[in-house]
Amino acid sequence: MTKLTLAFAGITAALALAACEKPTVVMAPPATVAVPGPAGATGATGATGATGDTAKGETGATGATGNTGATGNTGNTGNTGTTGATGTTGADGAQGQRGKTGDTIVVVPTR
C-alpha cells in the first residue's frame, strides 16, 4: 500500500509541475548612465581649527601588590667528596712484660 501511495504522489507532482504556465521573459533595455563633466574650480581654503586642550589628566592610583610566588624546587644533591689519603703507620708499641710461671689449673667437665 505504501509503494502505491508513493508512486501516486510522484505522478501527481510531475503532472502538476508540467501543467504550470511558463511566462515569457521580457528583457528590459539597459538604463542610460550619466557621464560626469569636467571638474570645477578648487574651493577656498577652510578656516584653521581651534587648538586642542593640552592639560594632562591625574595620575592613576598605585596597583595592588601581587601574590607571593610559589616556593622553588629543592636543589640537587652535591657530588661525593674525594677519598682522603691513607694515613701513616703508627709508632711501634712498647714491649710487654714477660709472663710469670704459676700453678696449672685443670678444668674437668661435669656430666
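Nothing here was measured: the structure is a model prediction, and the numbers come from that model.

Colleague: Talk me through the overall build of the protein; I want residue IDs and the actual numbers.
Modeller: Assigned secondary structure in the protein consists of one helix and zero strands. Seen through its principal axes, the protein has C-alpha atoms that stretch 155 × 90 × 35 Å. Summing over all exposed atoms, the protein offers an accessible surface of approximately 12500 Å²; the carbon and sulfur share of this is 57%. The protein carries 6 positive and 5 negative side-chain charges, and their two centres are separated by 25 Å.

Colleague: I'd like to hear about the environment of V106, residue by residue, with values.
Modeller: Its location among the elements puts V106 in the segment after α1 (2–18). A relative accessible area of 67% means that V106 is categorised as exposed. Distance in space between the C-alpha atoms of V106 and T24 is 150 Å, their sequence separation being 82 residues.

Colleague: Which residues make up the environment of I105, and what values go with them?
Modeller: Relative to the elements of secondary structure, I105 occurs in the segment after α1. Residue classification places I105 among the exposed positions, given a relative accessible area of 73%. Residues I105 and G43 lie 62 residues apart in sequence; the distance between their C-alpha atoms is 147 Å.

Calculation criteria
Residues numbered from 1 in each chain as written. Predicted model: local features only at pLDDT ≥ 70, side-chain atom pairs only at ≥ 80, totals over all residues. Heavy atoms only, no water. Helix = DSSP H or I, 4+ residues; strand = E, 2+ residues; numbered from the N terminus. Areas by Shrake-Rupley, 256 points an atom, 1.4 Å probe, with all protein chains shown as cover. Lys, Arg positive; Asp, Glu negative; His and termini not counted. Charge placed at Lys NZ, Arg CZ, Asp CG, Glu CD. Buried < 20%, exposed > 50% of the residue type's maximum accessible area, 1.4 Å probe, protein only.

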